Amino acid sequence: MASEQFILTLSCVNRPGIVAAVSTYMFEKQFNILDAAQFDDTATGRFFMRVVLNPVGAHEDLAAIKSGFTPIAESFGMSWNLRARSEKRRVMILVSKFDHCLTDLLYRWRIGEIPMDISAVVSNHPRSTYSHIDLEGIPFHHVPVTKDTKLEQETHIWSLVKETKSDLVVLARYMQVLSDGLAAKLSGRCINIHHSFLPGFKGAKPYHQAFERGVKLIGATAHYVTSDLDEGPIIEQDVERITHHATPDDLVRKGRDIERRVLSRAITWHLEDRILLNGHRTVVFTD
């Protein structure tokens with residue numbers, strides 16, 4: 001079908017012939033290139049590419065196309081992925097008491113703005129905490145945690161990730177630090193959102209701390225989760241200017257807005273295969 005599209009992403013050590021090899025193979029398989037973006041990181045010597053394709057004639061199934069591309073990928077030492085664009089990823093959302101990011105993601109999902117299937121909502125608070133939110137049709141799991149039950153709680157969460165076949169885990173203001181073990185298991189497929197005061201204002205009520213210091217800019221950061229607390233590869237950031245008129249409540253309100261939009265962008269870009277890991281950094285092919 002002419003409307004069918006595929007997304008190819010790849011990264012490897014840069015050398016001549018990569019683009020030619022990719023485009024030649026896709027031409028031979030009767031694919032048209034709808035969009036292509038590439039980046040040569042001269043600092044690391046690595047090459048990154050994202051290509052959107054559609055068939056212009058009869059073509060093999062996806063498995064056969066992947067099989068045919070494998071020798072090319074191996075010859076260049078590529079890390080790569082090829083998938084049908086229509087394939088929706090399964091996303092698990094972890095949330096604590098603050099629900100503004102959860103509510104925003106559910107709205108964007110329901111109107112079709114973010115192409116995903118929600119596999120589950122998991123919280124360390126009971127479902128009654130979210131009685132004002134429409135969770136109909138979404139599996140909800142209350143997984144409480146204490147200092148003494150942290151290991152058991154994370155084991156439960158990991159089991160849920162596997163049972164629901166979740167492709168991405170989102171910490172939508174989930175106020176529990178993941179252990180090194182769970183962070184490693186979710187490497188490259190777990191996104192967190194936090195305010196951009198770190199490490200300046202840690203602990204409780206960071207926006208109130210920022211008010212007391214008279215900050216002029218507040219922001220939010222979305223990043224992949226690693227064992228280094230809030231220091232994983234950054235995906236997206238945004239800021240907003242603050243004046244002396246702002247109250248602590250104003251900072252909290254503005255902060256919620258920034259967190260919502262930054263997290264939604266990061267998730268959307270991940271689901272659209274626009275993010276490629278580059279060591280401790282990311283390459284993000286935005287529109």
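Everything discussed here concerns the structure shown above.
So, here's what we can say about the structure. Note that this is a predicted model, so its numbers are computed, not measured.

## Re the overall build of the chain
Moving on, step 1. The number of helices and strands found in the chain is seven helices and 13 strands.
Moving on, step 2. Taken along its principal axes, the extent of the C-alpha atoms in the chain is 60 × 40 × 35 Å.
Moving on, step 3. Every one of the 287 residues in the chain was classed for burial, and the buried ones make up 46%.
Moving on, step 4. Taking as baseline every contact in the chain between residues at least 6 positions apart, the subset at least 24 positions apart corresponds to 66%.
Moving on, step 5. Per element, the accessible surface of the chain, about 14,500 Å² overall, is 52% carbon and sulfur.
Moving on, step 6. Measuring between centres, the 34 positive side-chain charges of the chain sit 3 Å from its 35 negative side-chain charges.

## Quick notes on the packing of aromatic side chains
Moving on, step 1. Evaluated as defined, the whole model comprises five aromatic pairs.
Moving on, step 2. Each ring, one from Phe-69 and one from Trp-80, has its centre 5.0 Å from the other, and the planes form 65°; the classification is edge-to-face. Placement of the pair is Phe-69 in helix H2 (residues 62-76) and Trp-80 in strand S4 (residues 79-84), with a sequence separation of 11 residues.
Moving on, step 3. Phe-69 gets classed as buried once you look at its relative accessible area, which sits at 0%.
Moving on, step 4. For the ring pair Tyr-130 and Phe-140, a centre distance of 5.8 Å and an interplane angle of 55° mean the geometry is tilted.

## Some points on the sheet that holds strand S1 (residues 6-13)
Two pairing modes exist for strands in a sheet, parallel and antiparallel, and in both the strands are linked by backbone hydrogen bonds.
Moving on, step 1. Read from one edge of the open sheet, four strands run S2-S3-S1-S4, paired in antiparallel fashion. Looking along the sheet, the strands with just one partner apiece sit at the ends: strand S2 (31-41) and S4. For this sheet, the mean inter-axis angle between neighbouring strands, taken without regard to orientation, is 10°.
Moving on, step 2. One ladder, built from 10 bridges, connects S2 with strand S3 (residues 46-55); its direction is antiparallel. In the strand pairing of S3, Asp-41 is matched with Arg-46.
Moving on, step 3. Along the sheet, helix H1 (residues 18-28) makes contact with S1, S2 and S3, crossing S1 at roughly 155°.
Moving on, step 4. With respect to the sheet, H2 is in contact with S1, S2 and S4, its orientation differing from that of S4 by roughly 165°.

## Points about the pattern of salt bridges
Moving on, step 1. Enumeration over the complete set of coordinates arrives at 18 salt bridges.
Moving on, step 2. Arg-274 is paired through a salt bridge with Glu-272; the nearest N and O atoms lie 2.7 Å apart.
Moving on, step 3. Exposure remark for Arg-274: the relative accessible area of 7% places this residue in the buried category.

## Points about unusual backbone geometry
Excluding glycine, most residues fall at negative phi; most peptide bonds, likewise, are trans.
Moving on, step 1. Even without being a glycine, Lys-165 presents a positive backbone phi close to 55°.
Moving on, step 2. The residue Lys-165 is located in the loop between helix H4 (150-163) and strand S8 (168-171) in this model.
Moving on, step 3. Take Lys-165: its relative accessible area is 63%, and that puts it in the exposed class.

## Here we look at the sheet that holds S8
Moving on, step 1. One open sheet holds the seven strands; their spatial order is S7-S6-S5-S8-S9-S10-S11, and the pairing between them is mixed. If you trace the sheet from one side to the other, it starts and ends with strand S7 (140-142) and strand S11 (234-241), each paired once. Between one strand axis and the next, the sheet turns through 20° on average, direction left out of account.
Moving on, step 2. Strands strand S5 (89-95), strand S6 (116-123), S7 and S8 of the sheet are contacted by H4, whose axis makes an angle of about 160° with S5.

## Some details on the nonpolar core
Moving on, step 1. Among the nonpolar cores identified, the biggest contains 40 residues, and Val-121, Ile-191, Leu-263 and Ile-267 are the most heavily contacted of them.
Moving on, step 2. Those elements that place two or more of their residues in this core are S5, helix H3 (100-110), S6, S8, strand S9 (190-195), helix H6 (206-213), strand S10 (217-224) and helix H7 (248-271).
Moving on, step 3. A total of eight residues in this core trace back to one element, the largest contributor, which is H7.
Moving on, step 4. Residues in contact with Ile-267, not counting those within four places in the same chain, are Leu-105, Ile-114, Leu-168, Val-170 and Ile-191.
Moving on, step 5. Formed by 22 residues, the second largest nonpolar core is a distinct cluster that contains Met-49, Ile-72, Phe-76 and Met-78.

Thresholds applied
Residues numbered from 1 in each chain as written. Predicted model: local features only at pLDDT ≥ 70, side-chain atom pairs only at ≥ 80, totals over all residues. Heavy atoms only, no water. Helix = DSSP H or I, 4+ residues; strand = E, 2+ residues; numbered from the N terminus. Buried < 20%, exposed > 50% of the residue type's maximum accessible area, 1.4 Å probe, protein only. Contact = heavy atoms within 4.5 Å. Areas by Shrake-Rupley, 256 points an atom, 1.4 Å probe, with all protein chains shown as cover. Lys, Arg positive; Asp, Glu negative; His and termini not counted. Charge placed at Lys NZ, Arg CZ, Asp CG, Glu CD. Phe/Tyr/Trp six-rings, centres within 6.5 Å; stacked < 30°, edge-to-face > 60°. Pairing = 2+ DSSP bridges. Axes fitted to C-alpha atoms, helices over the stretch in contact; angles between N-to-C directions. Salt bridge = Lys/Arg side-chain N within 4 Å of Asp/Glu carboxyl O. Core = buried A, V, L, I, M, F, W, Y, C linked by side-chain atoms within 4.5 Å.

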